[in-house]
Amino acid sequence: MAQPASGADLPLFRFVQLEFPWELGPPDGRYVVRGHAGEVDQVVVTQTLGAAERRGIVRNRKPRGVAPEPEPTPVTVSRVTIVAPEPFAERDEGAPWLRSVDTEDETTAAVAVLNRLLHLYRTATADPYAREVAREQAICVRVGIGEGEQVAHGRWTDAVQLPPVARKRDTRNAALRPQERLAALLGGRDAALACEELILRARIDLDAGRSREAALQLRVALEAAIAELAPWAGQQAVADRLDGLRAERRAVGAAANRALEGGLDEEAIADLTRIVGLVESVLRARTAAGFS
């Protein structure tokens, strides 16, 4: 644990800090991210590191010769610190918390807050290329405690740095044989279906808690899947699942209509989760049966 010198009796805040090797989008500053119903607000501090090198590159707009084996181009690093809205009641509560906390759970919660900020930034700027992030994409993750002025500038009183993690293989997609599928797509032996992209978007919305968007996205994804997978209906595994998808049209349509009017209840969200899984299942079955 790194333990820089700190002030005497100032309150301590818990935080999670992540670094990504690209510009996330939101300008440097302090953002208060309002929680969903029943959740507390979170403070997100964004900082851009290494921007000077990039600005120097951008200013020189004329093409120039390069060496056959050039050095790697400097990249901008985005540092994001997600800070708890309230300090510990007592300063001496901080160290025991840091020793016992599940750092991966804290990180997962922090990434969810960051992704809410990025989603709202994408909406506010109408920038379709501003994207959300995964924990595995971070080049550095720290969990710790610090005084208010410290964490506002990306520093801390005490912290631990988490080891890097490999991107987890999604068990939902275990049958997809991604390298074989990619080769087939690149070679023209298979085609990327519109429903595949649409269901990915629905999954992202659902996992991020955006149930209204997920319902609307799922309506289109379901219809696209039923239409696009018809040529594979001769495969029994696909045919059985297609019948199941057709049976869900009413439920998906009702959820989408409710989404247009407002929020969805827990039962409707459970239905969305189940039906997104069904669409993913039939796409797995189609791929597992081979490319054609």
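Being a predicted model, the structure only gives us computed values, none of them experimental.

The rules we used
Residues numbered from 1 in each chain as written. Predicted model: local features only at pLDDT ≥ 70, side-chain atom pairs only at ≥ 80, totals over all residues. Heavy atoms only, no water. Helix = DSSP H or I, 4+ residues; strand = E, 2+ residues; numbered from the N terminus. Buried < 20%, exposed > 50% of the residue type's maximum accessible area, 1.4 Å probe, protein only. Contact = heavy atoms within 4.5 Å. Areas by Shrake-Rupley, 256 points an atom, 1.4 Å probe, with all protein chains shown as cover. Axes fitted to C-alpha atoms, helices over the stretch in contact; angles between N-to-C directions. Parallel < 35°, antiparallel > 145°, perpendicular 65-115°, else oblique. Left-handed = near helix turned anticlockwise from the far one by under 90°. Nonpolar A, V, L, I, M, F, W, Y, C, P; charged D, E, K, R; others polar. Polar contact = N/O pair within 3.5 Å; in protein donor to acceptor, adjacent residues only side chain to side chain. Salt bridge = Lys/Arg side-chain N within 4 Å of Asp/Glu carboxyl O. Pairing = 2+ DSSP bridges. Expected span 1.5 Å × (residues − 1). Arc of directions from axis to C-beta.

## Remarks on the overall build of the protein
- A count of helical and extended segments in the protein gives 10 helices and six strands.
- Looking at the protein as a whole, 39% of its 292 residues are labelled buried.
- Across the protein, contacts joining residues at least 24 apart in sequence account for 74% of those joining residues at least 6 apart.
- As displayed, the protein offers around 16,700 Å² of accessible surface, 54% of which is attributable to carbon and sulfur atoms.

## Considering the packing of helix α8 (residues 236-247) against helix α10 (residues 266-288)
- In contact at an axis separation of 9 Å, α8 and α10 are set at 160° when each is read in the N-to-C sense. By the criterion of interaxial angle, the relationship of α8 to α10 is roughly antiparallel. The element α8 and its partner α10 pack so that their crossing is left-handed. Facing α8, whose interface residues are A237, V238, R241, L242 and L245, α10 presents L278, V279, S281, V282, A285 and R286.
- Within the contact of α8 with α10, the residues separate by chemical class into eight nonpolar, one polar and two charged.

## What about the side chain of R142?
- Assignment of secondary structure puts R142 in strand β5 (residues 140-147).
- You can call R142 buried: its relative accessible area is 12%.
- For R142, the side chain forms a polar contact with the side chain of E19, separated by 3.1 Å.
- Separated by 3.4 Å, the side chains of R142 and Q161 make a polar contact.
- Once residues within four sequence positions are removed from consideration, R142 is found in contact with F15, V16, Q17, E19, R79, W156, V160 and Q161.

## Quick look at the pattern of salt bridges
- If you walk through the whole model with that rule in mind, you get 19 salt bridges.
- Ionic pairing is found between R286 and D190, a salt bridge with its closest N-O pair at 2.4 Å. Remark: D190 occurs in the loop between α5 (178-186) and α6 (194-207) and R286 occurs in helix α10; sequence separation between them is 96 residues.
- A salt bridge links R249 to E223, with the shortest nitrogen-to-oxygen separation between them at 3.0 Å. In this pair, R249 is assigned in helix α9 (residues 249-261) and E223 in helix α7 (residues 211-228), connecting sequence segments 26 residues apart.
- Look at R249 and you get partly exposed, because its relative accessible area is 37%.
- Among the charged side chains, a network of salt bridges with common partners joins R122, E132, D205 and R210.

## Considering the sheet that holds strand β1 (residues 12-20)
- On the basis of which strands lie adjacent, the open sheet formed by six strands has the order β2-β3-β4-β1-β5-β6 and antiparallel pairing. Lying at the two open borders of the sheet, with one neighbouring strand each, are β2 (29-33) and β6 (158-161). Averaged over neighbouring strand pairs, the angle between their axes works out to 20° when direction is ignored.
- The strands touched by helix α3 (residues 103-125) within the sheet are β1, β2, β3 (42-49), β4 (77-83), β5 and β6, with β1 carrying the most contacts at an inclination of about 70°.

## Quick notes on α8
- Taking 1.5 Å per residue, 12 residues should reach 16 Å; α8 reaches 17 Å between its end C-alpha atoms and fits that length.
- Every buried residue of α8 is accounted for by V238, A239, L242 and L245. Taken end-on, α8 shows its buried residues confined to a sector of 120°, consistent with a single buried face. Seen from the open side of α8, the exposed residues pointing more than 90 degrees away from its buried face are Q236 and A247.
- Of the surrounding secondary structure, the elements contacted by the buried residues of α8 are α7, α9 and α10.

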